[in-house]
Amino acid sequence: MGRKSAVVRVKVPEGMVAQLREVSKRQGTSVSEVIRRAISVALRGGVRACSYGYGGTVVLSFKATPEVHQELRRLAGERKVPVSEVVRSAVACYLQEFLQRQRPYTGKYIKVYF
């Protein structure tokens, strides 16, 4: 039998949704998969507090394994914040790091003469 999964619903800023769509397009996957990857990276490396935009909000839903959902609830309890805040922060950090790595180099170039 297949494992049951928990459906997690999170309100995120509209700007984050646009970034999620951009990253999912670049990775060739769904927005839900990008969220799951962000959470996985955050749980392995420690969930940091990353800033994210404000403004209008959109509710996103994604499926998580019971173990991941339980870990998110544990972290939220430790930090005394809602699970959605842990998810938003994890996604914000992942998006910032991904988009920063994807930017072309715009620094100064040095000519080297032989």
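Please refer to the structure placed before this passage.
Model, not experiment: these values are computed from the prediction. Here, residues in each chain are numbered from 1, in the same order as that chain's written sequence. In keeping with the predicted nature of the model, local features appear solely for residues at pLDDT of at least 70, side-chain atom pairs appear and are counted solely at 80 or more, and the whole-chain, interface and lining totals rest on all residues. The basis for every side-chain value is the complete set of non-hydrogen atoms in the structure, without hydrogens or water.

1. As for helix α1 (residues 14-27)
We count a stretch as a helix when DSSP gives it H or I for four or more residues in a row; a strand needs E for two or more, and each element gets its number in order from the N terminus. Residue count minus one, scaled by 1.5 Å, sets the expected span of a helix. For α1, which comprises 14 residues, the first-to-last C-alpha distance of 20 Å matches the rise-based estimate of 20 Å (1.5 Å per residue) to within 8%. Only protein chains enter the calculation, and the probe is 1.4 Å; a residue is then buried if its accessible area is under 20% of its type maximum, exposed if over 50%, and partly exposed in between. Looking at α1, one finds that the buried residues are M16, V17, L20, V23 and S24. Buried residues in α1, looked at end-on, bunch into an arc of 130°, giving them a common side. Opposite its buried face, α1 presents the exposed residues R21 and K25, each directed more than 90 degrees away. Here the arc refers to the directions that run from the helix axis out to each C-beta atom.

2. Here's the deal with the packing of α1 against helix α2 (residues 31-45)
A fitted line through C-alpha atoms serves as each axis, taken over the contacting stretch for helices, and the angle formed by two N-to-C directions is quoted from 0 to 180°. Running from N to C, α1 and α2 cross one another at 95°; their axes reach a closest spacing of 8 Å. Between α1 and α2, the angle is such that the two are roughly perpendicular. Taking contact as the criterion, the partners of L20, R21, V23, S24 and Q27 in α1 are, on α2, V31, V34, I35 and R37. When residues are sorted by character, Ala, Val, Leu, Ile, Met, Phe, Trp, Tyr, Cys and Pro go into the nonpolar class, Asp, Glu, Lys and Arg into the charged class, and all the rest, Gly among them, into the polar class. Considered class by class, the residues forming the contact of α1 with α2 number 5 nonpolar, 2 polar and 2 charged. Throughout, the term roughly parallel applies to angles under 35 degrees, roughly antiparallel to angles over 145, roughly perpendicular to angles from 65 to 115, and oblique to all others. Here a residue-residue contact requires only that any non-hydrogen atoms of the pair lie within 4.5 Å.

3. Examining the pattern of salt bridges
It is possible for side chains bearing opposite charge to pair when their charged atoms get close. Salt bridge, as used here: a side-chain nitrogen of Lys or Arg that lies within 4 Å of a carboxyl oxygen of Asp or Glu. Per the stated rule, a full pass over the model turns up 6 salt bridges. Taking the shortest distance from any N to any O, the salt bridge between E33 and R37 comes out at 3.5 Å. Taken together, the residues span about one helical turn, with E33 and R37 both in helix α2 at a distance of 4 residues. Take E33: its relative accessible area is 25%, and that puts it in the partly exposed class. Each of the salt bridges in this network shares a partner with another, and the network as a whole consists of E33, R36 and R37.

4. A word on the side chain of H69
For H69, the position within the fold is in helix α3 (residues 66-79). For H69, the contacting residues outside a window of four places in its chain are A6 and V8.

5. A short note on the side chain of S89
Mapped onto the elements, S89 comes out in helix α4 (residues 83-102). For S89, a relative accessible area of 5% translates into the label buried. Residue contacts for S89: discarding those within four places in its chain leaves R48, A49 and C50.

6. Things to note about α2
The end-to-end C-alpha distance of α2, which contains 15 residues, comes to 21 Å, matching closely the 21 Å that a straight helix rising 1.5 Å per residue would cover. Where α2 is concerned, the buried positions are V34, I35, A38, I39 and A42. Each buried residue of α2 sits inside an arc of 135° when the element is viewed along its axis, so together they form one side. Phi turns positive one or two residues past the end of α2, at G46, with a value near 90°.

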